[in-house]
Amino acid sequence: MTDAAAGGRRLLIRDLEQLATPSGSGAPLRGRDLGAVDVLDGAYVLCAGGRIESVGRMRDLQALAGEVEELDGRGFCAIPGLVDCHTHACFAGDRVEEFSLRAAGAGYEELHAAGGGILATVRATRAAGPEGLRAALGRHRDWMLRAGTTTFEAKSGYGLDRETELASLRAIRDAGGAPTFLGAHAVPPEADSTDEYLDWLLADVLPEAAELAEAADVFVERGAFDVAQARRYLGEARRLGLALRLHADQFTEAGGVELAIELGARSVDHLEATGDRGVRALGQSDVTAVLLPASALFLGRPMPPARQLVEAGAVVALATDFNPGSAFCESLPLVASLACTQMHLAPAETLAACTVNAAHVLARADRKGRLTPGYDADVVLIDAPDWRYLAYHLAGDVVAAVIEDGEAVWRR
Ligand code: NIG
Ligand code: FE
């Protein structure tokens, strides 16, 4: 019996200019498959009970019995709800002062080393308290939704104390996000050394964090955590059942890519500094390369080697890295534009990279990231005659409506 027959509410999005969805049914998509997209002109999407019941051409739509709510899709294109698989949306305060200093020439790493940067957001996040933090995350989550993100991951990592780390993970979970434990983001000022902080983190925070989080992440970089420290942290996280993720090669090639491959991590993210050896290694591995071009743009860093990674056969996903310091940007459509204009991905490749492949990073590719019967009815309507405006309209206000679980949750 279908959901509709079982009485689930139905929504018909009709008369769409186009419907576009990554081809096939497998995940992740790599190589040539990354750029394969199914496009239907003059299309509809029928949602029932929170799932997609059918998609097709209007001319093939049969008369529907029973109650069906309708949404007029004229002038719009439908794509899958976007999946942001790397954000730091659970933060309080802002870093607009730091932004102004950077505009005048101050360096991002230099500000961090002087006790600002990430540590400035740690102070603001601790001070906000659990309720303040929930409110801030709710606000950020709303921004993401309006930009077309229906599924999001968010990391802790601005608490660096037991209470705030756990409060962050709870807030993310309660907001419907996929929580990632990033206790190894930076070393807080009260710790005497990085190793001492890690000992404490693994003994006193990780066991409870592992009950709340789906994955653990670590910032492998000079001035943050080295490979030996990251191996210890991730090994313990894996023992407690978490998927593994790494921030690596943002500024220097510090061994994070090799460690990600050695440990069979779910993803390795950033890669602005990754050279040919890292590209080749990722091409032969199943570790997803999560690229964050808004962060490279915001910090004036080189773009990650996206084209080379795709050509080498690597699994590539795109995400915002939304955070107050290195990427104050919640828009996956802007990320898609940067991917095409700065990293030479095709619009079709960017679509797969921020839908099905991003869902793969979050272990949700069996129900998120495609407009296919049986998948969750998460749909974004683009205000355009062609779905590729997603990337084409640079920082355009392209999202006209967002449907989540078969319900229009936002309309312009
Ligand atoms: O992914 N590089 C480490 N962490 C974040 C930035 C965090 C911040 O600046 O607040 C990133 O870029
Ligand atoms: Fe990040």
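Sequence order sets the numbering: in each chain, residues are counted from 1 along the sequence as written. Written order decides the labels, with chains lettered from A and ligands numbered from 1. pLDDT decides what is reported in this predicted model: residues at 70 or higher carry local features, side-chain atom pairs at 80 or more are listed and counted, and totals for whole chains, interfaces and linings draw on all residues regardless. Derived side-chain values reflect all non-hydrogen atoms in the structure, with water molecules and hydrogen atoms excluded from consideration.

1. Some points on the pairing of strand 14 (residues 379-383)
Walk down a regular strand and you will see the side chains alternate between the two sheet faces. Within strand 14, 4 of the 5 residues are buried, leaving the element largely enclosed by the surrounding structure. The pairing of strand 14 with strand 15 (residues 399-404) spans 4 bridges and is antiparallel. When the bridges of strand 15 are listed, valine 380 appears paired with valine 402. Here's how the labels work: a residue is buried when its accessible area is under 20% of the maximum for its type, exposed when over 50%, partly exposed in between, all with a 1.4 Å probe on protein chains only. Helical segments are the DSSP runs of H or I of at least four residues, strand segments are the runs of E of at least two, and each set is numbered from the N terminus. Should DSSP find at least two bridges between two strands, the strands are regarded as paired.

2. Structural notes on the pattern of salt bridges
Pairing is possible between side chains that carry opposite charge, provided their charged atoms lie close to one another. By definition here, a salt bridge exists when the distance from a side-chain nitrogen of Lys or Arg to a carboxyl oxygen of Asp or Glu is within 4 Å. Counting across every chain of the model gives 35 salt bridges. Between glutamate 98 and arginine 95 there is a salt bridge; the shortest N-O distance is 2.6 Å. Beyond isolated ion pairs, a larger network of salt bridges with shared partners links Arg51, Arg367, Lys368, Asp376 and Asp378.

3. Regarding helix 4 (residues 162-174)
Expected helix span is given by 1.5 Å per residue-to-residue step, counting one fewer step than there are residues. Under the 1.5 Å per step criterion, the end-to-end length of helix 4 is 18 Å for 13 residues, consistent within 8% with the ideal 18 Å. Of all the residues in helix 4, the buried ones are Thr164, Glu165, Leu166, Ala167, Ser168, Leu169, Ala171 and Ile172. A positive backbone phi angle near 90° is found at glycine 176, which sits one or two residues after helix 4.

4. Overview of the packing of aromatic side chains
To describe a pair of aromatic rings, one takes the distance between the centres and the angle between the planes. Between rings of Phe, Tyr and Trp, where Trp is taken as its six-membered ring, a pair exists when centres lie within 6.5 Å; planes separated by under 30 degrees are stacked, by over 60 edge-to-face, and by other angles tilted. Applying the stated rule across the entire model yields 10 aromatic pairs. Relative to phenylalanine 322, the ring of tryptophan 143 lies with its centre 6.1 Å away and its plane at 45°, an arrangement referred to as tilted. Separated by 179 residues along the polypeptide, tryptophan 143 in helix 3 (residues 118-146) and phenylalanine 322 in the loop between strand 13 (316-318) and helix 11 (332-343) bring together distant segments of the chain. Residue class for tryptophan 143 comes out partly exposed when judged on its relative accessible area of 25%. You can call phenylalanine 322 buried: its relative accessible area is 0%.

5. Examining the site of ligand 1
The environment of ligand 1 is formed by 15 residues, the closest being Arg95, Tyr108, Tyr158, Gln250 and Ser326. At 3.3 Å, a side-chain N or O of histidine 88 approaches an oxygen atom of ligand 1. Here a polar contact is taken to be a pair of N or O atoms separated by no more than 3.5 Å, where protein atoms must pair a possible hydrogen donor with a possible acceptor and residues adjacent in sequence count only if both atoms sit in side chains. Note that an oxygen atom of ligand 1 is positioned 3.0 Å from one of the side-chain N or O atoms of histidine 247. Here ligand 1 loses 100% of its free accessible area of 330 Å² to cover by the protein chains. When at least one non-hydrogen atom of a residue lies within 4 Å of a molecule or strand, that residue is treated as near it. Surface exposure here means Shrake-Rupley accessible area, sampled with a 1.4 Å probe, where a residue is shielded only by the protein chains that are shown.

6. Notes on the confidence of the model for the chain
The pLDDT value expresses, per residue, how confident the predictor is, ranging between 0 and 100. Residue-level pLDDT values for the chain average 97, and 98% of them are 70 or greater. Any two residues having at least one pair of non-hydrogen atoms within 4.5 Å are treated as being in contact. In the predicted structure, residues 1-6 sits below a pLDDT of 50 and forms 9 contacts with residues beyond four places in sequence or in another chain.

7. Some remarks on the packing of helix 3 against helix 4
Axes are the key here: two packed helices are described by the angle between their axes and the distance separating the axes. Axis definition: a line fitted to C-alpha atoms, limited for helices to the stretch in contact. Angles are taken between N-to-C directions and run from 0 to 180 degrees. Taken N-terminus to C-terminus, the directions of helix 3 and helix 4 make an angle of 5°; their axes are 9 Å apart at the nearest point. Between helix 3 and helix 4, the angle is such that the two are roughly parallel. Each of Thr125, Arg126, Pro130, Leu133, Arg134 and Leu137 in helix 3 lies in contact with helix 4, whose residues at this interface are Thr164, Ala167, Ser168, Arg170, Ala171, Ile172 and Asp174. We call two directions roughly parallel when the angle between them is under 35 degrees, roughly antiparallel when it is over 145, roughly perpendicular when it lies between 65 and 115, and oblique otherwise.

8. Section: the environment of alanine 154
On the secondary structure map, alanine 154 appears in strand 7 (residues 149-155). Under the relative-accessibility criterion, alanine 154 is labelled buried at 0%. For the pair formed by alanine 154 and isoleucine 172, sequence separation is 18 residues and the distance between their alpha carbons is 6.5 Å. The residues contacting alanine 154, other than those within four sequence positions of it, are Thr87, Ala89, Ile172, Ala178, Pro179 and Thr180.

9. A closer look at the sheet that holds strand 7
Across the sheet, which stays open at both edges, the 8 strands sit in the order 6-7-8-9-10-11-12-13 with parallel pairing between neighbours. The outermost strands of the open sheet, each flanked by one partner alone, are strand 6 (82-84) and strand 13. On average, each strand axis in the sheet is inclined to that of its neighbour by 25°, with strand direction left out of account. Pairing between strand 8 (residues 178-184) and strand 9 (residues 215-219): 3 bridges, direction parallel.

10. Concerning helix 6 (residues 227-239)
Working note: α-helix, 3.6 residues per turn, so residues spaced by three or four point in the same direction. The terminal C-alpha atoms of helix 6, which comprises 13 residues, lie 18 Å apart, in line with the 18 Å expected from a rise of 1.5 Å per residue. Residues of helix 6 that are buried: Gln229, Ala230, Tyr233, Leu234 and Ala237. Along the axis of helix 6, the buried residues cluster in a sector spanning 120°; they form a single face. Turned more than 90 degrees off the buried face of helix 6, the exposed positions are Ala228 and Arg239. Of the surrounding elements, those touching the buried residues of helix 6 are strand 8, helix 5 (194-212), strand 9, strand 10 (243-248) and helix 7 (256-263). Regarding helix 6, its N-cap is aspartate 226, as a side-chain oxygen of that residue lies 3.1 Å from the backbone nitrogen of alanine 228 further along. The directions from the helix axis to the C-beta atoms are what the arc is built from.

11. Digging into empty space enclosed by the protein
Definitions used for this entry: grid spacing 1 Å over protein atoms alone; cavity, a set of points where a 1.4 Å probe fits but cannot get out; pocket, an open set with protein on both sides within 12 Å along at least 5 of 7 lines; lining residue, one with an atom within 4 Å of a point. Grid points are joined across faces, edges and corners, and a volume is the space filled by probe spheres set on the points. This model, assessed by the stated rule, comprises 2 cavities of 30 Å³ or more. Approximately 90 Å³ is the volume found for the largest cavity. Forming the boundary of the largest cavity are 14 residues, of which His88, Tyr108, His185, Asn323 and Ser326 lie nearest the centre. In terms of residue class, the lining of the largest cavity is built from 4 nonpolar, 8 polar and 2 charged. In terms of lining, the second largest cavity is formed by Pro80, Gly81, Val83, Thr150, Thr151, Arg367, Lys368, Gly369, Arg370, Asp376 and Asp378. Only Asp, Glu, Lys and Arg are considered charged in this grouping, and only Ala, Val, Leu, Ile, Met, Phe, Trp, Tyr, Cys and Pro are considered nonpolar; every other residue, Gly among them, is considered polar.

12. Here's the deal with the pairing of strand 1 (residues 10-22)
In terms of residue burial, strand 1 counts as a mostly covered element, since 10 of its 13 residues are buried. Sheet topology places strand 1 next to strand 2 (residues 37-48); 10 bridges connect them, and they run antiparallel. Looking at strand 2, one finds that glutamine 18 is bridged to aspartate 41. The pairing of strand 1 with strand 4 (residues 69-72) spans 4 bridges and is parallel. Bridged to leucine 12 within strand 4 is glutamate 70. Pairing geometry for strand 1 and strand 5 (residues 76-80), over 2 bridges, is parallel. Paired with glutamine 18 across the two strands is cysteine 77, which belongs to strand 5.

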